[in-house]
Amino acid sequence: MQSKVYILYTGGTFGMKSTDAGLEPSSWDEIISYLPAIKNQTYFHYFSEINFTFDTLEPVVDSSDMTPETWKRIATRIVANYKDHDGFIILHGTDTLAYTSSALSFMLENLSKPVVLTGAQLPIFHPRTDGIVNLSNAIYIAGYKSFRIDCIPEVCICFNDDVLRGNRAVKTSTNDFEGFSSPNFDNLANLEQNIEVRTHLVYSPNTKALKLYTEFSERVVNVTVFPGYNTSVLIELVRSGKLEGIVLKTFGAGNLPTGKQWKTLVEACEEQETIILATTQCPNGQIELGQYASSNVLKSKAVVDGKDITPEAALTKLMWVIGNFDATKRCTMLAQNLRGEIS
Ligand code: ASP
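Draft legend 1. The nonpolar core, seen in detail. With 48 residues, the main nonpolar core has Ile74, Ile78, Leu104, Leu108, Val115, Leu318 and Trp320 as its most contacted residues. If one sorts the elements of this core by residue count, helix α9 (residues 311-324) sits on top with 8 residues. What Leu108 contacts, discounting residues up to four positions off in sequence, is Ala75, Ile78, Val79, Val115, Val155, Leu210, Lys211, Leu212 and Arg339. In this structure, Leu35, Ile139, Ile152 and Val163 belong to the second largest nonpolar core, which totals 39 residues.

Following this line, the structure appears as structure tokens:
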């Protein structure tokens, strides 16, 4: 069966070449000459049933340069091409890929088609590149109709034989071809010799119209607690009224050092309506406020229990909820499982 796959190249190691300044992105025209199965579909018949649309988000960047504005441009391209395509692939640098996949998962409500992010640890120009496998796997997921496999109508990451939910994934290696993992949620699919889609974990295609939410608050901070942390600078910032949200990375299941300073911080957040999204520094497991006495200070209307959310999903969800919704709804929405990001 024919399917239409839209591929948006945004940069990243996948398409990078060595320059005097280090690795830098190159053009799609150069890249595609290293992808014979895609470039010459009649000769290499593997993708003969796929109609590709290739697009580039200029300027192509190292993903360190991604911003909420770029997320908006990516999401807008997906929406503009949504009706005419069956699946979408975003080629992206790995460094901030999990932020973009988390952000897109919140921006695109009611998805009924796959949006697959992928990239590479070694450039496509390298003889040992993982880019060809990663992109080919992504094409199978996005072009599912042609390969008669189950649809994954979610924002997901396809990397080294794994398909991970986009807002459950973290980059866990700078070197390993298995660059991403999903610490608290099983893979949506595994691409070995056979492709196994775990349909019981995958969202059902949504029948409602796709909805796009593009705004993100930039008045948020990520704060990692450490032994001896002094909250005074953070309290000053909250009292200045400039801060709308804090992702607070606590010890273990939500624990903080004892002492008045944390109570003062929470009270300042209550006064200023600054939201604290409480998360754990541990890659596995979740927040359990009240399990230890040292987490009781977080029992406040200013604090939302982030459960088992990843750091990337926590930050993007907080920015997105503040950016798009009224203050009265924000804490309720943050506590809810909106796109499969928390258990
Ligand atoms: N620095 C690169 C980037 O994120 C790393 C990569 O793509 O693997 O664009």
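Following the structure, the description resumes.
Draft legend 2. Representation of the site of the ligand within the structure. Around the ligand, a shell composed of Gly12, Thr13, Asp62, Ser63, Gly93, Thr94, Asp95 and Ala120 is seen. The contact in question runs from an oxygen atom of the ligand to an N or O atom on the side chain of Thr94, over 2.4 Å. One of the backbone N or O atoms of Ala120 is found 3.3 Å from an oxygen atom in the ligand. Out of a free accessible area of 260 Å², the ligand has 91% covered by protein chains. Residues belonging to the shell around the ligand are distributed by class as follows: 1 nonpolar, 5 polar and 2 charged.

Draft legend 3. Region of the structure containing the layout of surface pockets. The volume enclosed by the largest pocket comes to roughly 310 Å³. Forming the walls of the largest pocket are 17 residues, and the residues nearest its centre are Glu273, Thr274, Ile275, Ala327 and Cys331. Where the lining of the largest pocket is concerned, the elements lending two or more residues are α8 (260-272) and α10 (327-335). Here the lining of the largest pocket gets 6 residues from one element, more than from any other, and that element is α10. Here the lining of the largest pocket is composed, by residue class, of 6 nonpolar, 5 polar and 6 charged.

Calculation notes
Residues numbered from 1 in each chain as written. Predicted model: local features only at pLDDT ≥ 70, side-chain atom pairs only at ≥ 80, totals over all residues. Heavy atoms only, no water. Core = buried A, V, L, I, M, F, W, Y, C linked by side-chain atoms within 4.5 Å. Buried < 20%, exposed > 50% of the residue type's maximum accessible area, 1.4 Å probe, protein only. Helix = DSSP H or I, 4+ residues; strand = E, 2+ residues; numbered from the N terminus. Contact = heavy atoms within 4.5 Å. Near = heavy atom within 4 Å. Polar contact = N/O pair within 3.5 Å; in protein donor to acceptor, adjacent residues only side chain to side chain. Areas by Shrake-Rupley, 256 points an atom, 1.4 Å probe, with all protein chains shown as cover. Nonpolar A, V, L, I, M, F, W, Y, C, P; charged D, E, K, R; others polar. 1 Å grid on protein atoms, 1.4 Å probe; cavity = no way out; pocket = protein on both sides within 12 Å on 5 of 7 lines; lining within 4 Å. Points joined across faces, edges and corners; volume = space filled by probe spheres on them.

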